[in-house]
Amino acid sequence: MSSVDQPPPALYAPREPIFPRRVYGFFRNLKWALMVLLLGIYYITPWIRWDRGPNLPDQAVLIDMSGRRFFFFMIEIWPHEFYFVAGLLIMAGLGLFLFTSAAGRVWCGYACPQTVWTDLFILVERWIEGDRNARIRLHRQPWNWEKLVKNGIKWWVWLAIALATGGAWIFYFTDAPTLFFDLIHFQAHPVAYVTMGVLTGTTFFFGGFAREQICIYACPWPRIQAAMMDEDTLTIGYRDWRGEPRGKLEKAGQDVQGNGAQTHGDCIDCMACVNVCPQGIDIRDGQQLACITCGLCIDACNGIMDKIGKPRDLIGYLALTDEVAERAGAPKKSLWRHILRLRTVVYTVLWAGVGVGLIVALFLRAPLDVNVTPVRNPQYVTLSDGSIRNAYDLRLRNMQGDDRVFAVSASSAIATFLLAFDGQDDLNITVPANQTKTVRLFVTAPVETLAVGAERTDLRLWIMDMGPDGTAVDPLRIHYDTVFYGADAHHDDDDGKDN
């Protein structure tokens, strides 16, 4: 057959199921602890209560879509304060850069939702079907009653976990106890059921069947992380200069021929590191796209080294500079010299700077938001006495837990202004708690107070928070700069800015 007639090579290999073996050690215990902590935070947080008063929800963490607010314990974020959310996203990105630069893909190995839920699903699988050899045997045997029952039980438990995952997510968007009651009585909004169904299905499929395929093919981070790493980044590696050539041992210090002389390295090719890997790779082949640096291969190898009387860390966290030093027999860098270097210091300073900025902005923000929009049709009106009147839509957002009375006044370095509200006798506005109120404000200036030939005059509106009853002695004052148009005004889009 000629080369022209040969079929093209396959670009995608069918997935071979991976059955990680149980392993014990420091990194496995660390992953268990983080899994319990992260899942606990995810599932329990919507049920935590936080008393904010009679006019606000008492759920500690709530993304209130109908009220257009985000609550996080004592913090309340309004839509116009989205810069707080943007700042948190920037901090999350910088934090990811920082940890990746210092210790490789620690996010992927310990805290990524795909890793956490896959770990949980594998734990359930091991409880029901047994450890690695038993699961492999069950997978390979034809469908019979045992295989049907064990897989059925496993899938039902996976489905329950996935359902709880989807349910927990929607509890963040409305009052959790109320929504739970509505869900079980089939009275919830269809969007809630659809969202639960989508998240349940994706969790069930990603954690139960796709697993490492998500990390390899769907996640972009393995392809981006190289830009965050350098020769001093700590990552998991195999010390081949110590482990090669590989060879089987009956006991420490004796080769398989029994001649008493060790003719190979410390690696006895036991495959323990491969058998425990949730990604199904061999770390001894070097750095690979699929490696999530979870550390389970370290635990497995250290356990074998302890049994055969060899030094630990044949597989361990090390940097490229450590490899060069160890091969040459020189001392390697200390842990802190790997972590505290220019790249990580810059990331830390940027991360801390954004965090401090958000905290300062949070404590300095005013509990009142003001927006003034000039009415352009008409742009101004000349009254019968010759004075000029402009109209503005004044929007006040009361971000406090009780009704507030706001007094409005105006000032200018040149003109004298008279203020009046449409349909209201005084200049006090009562805005209900946690609500926004818009009123039409009329500003009039006697023509003789305006500069001759002026097309427009700078106008500063002052808004004072007079308290719940309008009698505050030392009211909060904020101002808004805008423009007052005169008789010779022309259309201008410069409306001023909020201060």
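The sections below set out a description of the structure shown in this document. Fair warning: this is a prediction, and the values are worked out from it, not measured in the lab. (Residues numbered from 1 in each chain as written. Predicted model: local features only at pLDDT ≥ 70, side-chain atom pairs only at ≥ 80, totals over all residues. Heavy atoms only, no water.)

**What to know about the overall build of the protein chain**
Rules: In DSSP terms, a helix is any run of H or I states spanning at least four residues, a strand is any run of E spanning at least two, and both are numbered starting from the N terminus. The quantity called the radius of gyration is restricted to C-alpha atoms. Its globule counterpart is 2.2 Å times the number of residues to the power 0.38. Each residue is assigned to one of three classes by its accessible area relative to the maximum for its type, calculated with a 1.4 Å probe on protein chains only: buried under 20%, partly exposed between the two thresholds, exposed over 50%. In what follows, a contact means two residues having at least one pair of non-hydrogen atoms within 4.5 Å. In this description, accessible areas are obtained by the Shrake-Rupley approach with a 1.4 Å probe, and a residue is regarded as covered only by the protein chains that are shown. Just so you know, the count uses Lys and Arg for positive and Asp and Glu for negative, and it drops His and the chain ends. One atom stands in for each charge, and that atom is NZ of Lys, CZ of Arg, CG of Asp or CD of Glu.
Helix and strand counts for the protein chain come out as 16 helices and 17 strands. The C-alpha radius of gyration of the protein chain comes to 33 Å, more than 25% above the 23 Å expected for a compact globule of 499 residues. Principal axes of the C-alpha set define a box for the protein chain whose edges measure 115 × 65 × 60 Å. Split into buried and exposed, the 499 residues of the protein chain put 43% on the buried side. Within the protein chain, residue pairs in contact and separated by at least 24 positions form 68% of the contacts whose partners lie at least 6 positions apart. As presented, the protein chain carries roughly 26800 Å² of accessible surface, and 63% of it is formed by carbon and sulfur atoms. For the protein chain, the distance from the average site of its 47 positive side-chain charges to the average site of its 53 negative ones is 12 Å.

**A short note on the packing of helix H4 (residues 113–129) against helix H6 (residues 145–170)**
Under the convention used in this document: Note on method: axes are straight lines fitted to C-alpha atoms, helices fitted across the in-contact stretch only, with angles between N-to-C directions ranging 0 to 180 degrees. Throughout this description, any angle smaller than 35 degrees is read as roughly parallel, any larger than 145 degrees as roughly antiparallel, any in the 65 to 115 degree range as roughly perpendicular, and the remainder as oblique. Here is the rule for handedness: rotate from the far helix to the near one, and if that takes an anticlockwise turn smaller than a right angle the crossing is left-handed, while a clockwise turn gives right-handed. For this classification, Asp, Glu, Lys and Arg are treated as charged, while Ala, Val, Leu, Ile, Met, Phe, Trp, Tyr, Cys and Pro are nonpolar and the rest, including Gly, are polar.
Between H4 and H6, whose axes approach to 10 Å, the crossing angle comes to 150°. As summarised for this structure, H4 and H6 are arranged roughly antiparallel, according to the angle between their axes. Two packed elements cross with a definite hand, and for H4 against H6 that hand is right-handed. Residues Trp117, Leu120, Phe121, Val124, Glu125, Ile128 and Glu129 of H4 touch H6, and the partners they reach there are Lys150, Asn151, Ile153, Lys154, Val157, Trp158, Ile161 and Thr165. Each residue belonging to the contact of H4 with H6 can be placed in one class, and the counts come to nine nonpolar, two polar and four charged.

**Comments concerning the nonpolar core**
Stated formally: Definition used in this section: a nonpolar core is a set of buried Ala, Val, Leu, Ile, Met, Phe, Trp, Tyr and Cys residues joined via side-chain atoms within 4.5 Å.
Counting residues in each nonpolar core, the largest one holds 37 residues, and the members touching the most others are Ile283, Cys297 and Ile315. Secondary structure elements with two or more residues in this core: helix H3 (106–111), helix H9 (212–218), strand S4 (235–238), helix H12 (272–275) and helix H13 (296–308). If you tally residues by element for this core, the top one is H13, at eight residues. In this structure Ile315 touches Ile236, Gly237, Tyr238, Arg239, Cys273, Ile283, Cys297, Ile298 and Cys301, once residues within four positions along its chain are discounted.

**Description of the sheet that holds strand S2 (residues 69–72)**
How we decide: Strands qualify as paired when DSSP identifies two bridges or more between them.
Read from one edge of the open sheet, three strands run S1-S2-S3, paired in antiparallel fashion. Lying at the two open borders of the sheet, with one neighbouring strand each, are strand S1 (61–64) and strand S3 (75–77). Strand-to-strand twist in this sheet, taken as the mean axis angle between neighbours without regard to direction, amounts to 10°. Here four bridges tie S1 to S2, and the two strands are oriented antiparallel to one another. Along S2, the bridge assignment pairs Ile63 with Phe70.

**A word on the packing of helix H2 (residues 82–103) against helix H16 (residues 342–364)**
In contact at an axis separation of 9 Å, H2 and H16 are set at 160° when each is read in the N-to-C sense. Considering the angle they form, H2 stands roughly antiparallel to H16. As H2 runs across H16, the sense of the crossing is left-handed. Counting all contacts with H2, which are made through Tyr83, Phe84, Gly87, Leu88, Ile90, Met91, Leu94, Gly95, Phe97, Leu98, Ser101 and Ala102, the residues of H16 involved are Arg343, Thr344, Tyr347, Thr348, Leu350, Trp351, Val354, Gly355, Leu358, Ala361 and Leu362. Split into classes, the residues belonging to the contact of H2 with H16 amount to 16 nonpolar, six polar and one charged.

**Quick word on the packing of aromatic side chains**
Stated formally: Two aromatic rings from Phe, Tyr or Trp, using only the six-membered ring of Trp, form a pair when their centres are within 6.5 Å; if the ring planes differ by under 30 degrees the pair is stacked, by over 60 it is edge-to-face, and anything between is tilted. Note on geometry: a ring has a charge over it if NZ (lysine) or CZ (arginine) is within 6 Å of the ring centre and within 35 degrees of the ring normal.
For the coordinates displayed, the defined rule picks out 23 aromatic pairs. Note on Tyr83 and Phe84: the rings are 4.5 Å apart at their centroids and 35° apart in plane angle, and the pair reads as tilted. Ring geometry for Trp158 versus Phe209: centroids 5.6 Å apart, planes at 90°, classification edge-to-face. With Trp158 in helix H6 and Phe209 in helix H8 (residues 190–210), this residue pair connects regions lying 51 residues apart in the sequence. In this structure Phe209 comes out as partly exposed when scored by relative accessible area, which is 32%. Aromatic rings pair up to connect Tyr42, Tyr43, Trp117, Trp169, Tyr172 and Phe173 into one cluster. Looking at Arg28, its charged tip hangs above the ring of Trp32, at a distance of 3.6 Å from the centre. Just above the ring of Trp143 sits the side chain of Lys147; from NZ or CZ to the centre is 4.7 Å.

**Some points on the side chain of Asp282**
Condition: Polar contact is the term for a pair of N or O atoms within 3.5 Å; when the atoms are in protein, one must be able to donate a hydrogen and the other to accept it, and sequence-neighboring residues count only if both atoms are side-chain atoms.
Along the chain, Asp282 turns up in the loop between H12 and H13. A polar contact is formed between the side chain of Asp282 and the side chain of Arg284, at a distance of 3.0 Å. Once residues within four sequence positions are removed from consideration, Asp282 is found in contact with Cys273, Val274 and Gln288.

**A word on the pairing of S4**
Both faces of S4 are covered, namely the face carrying Thr235 and Gly237 and the face carrying Ile236 and Tyr238. Strand direction decides the pairing type here: S4 and strand S7 (residues 315–318), joined by four bridges, are antiparallel. Within S7, the position partnered with Thr235 by the bridge is Leu318.

Shape is all these values report; function is a separate question.
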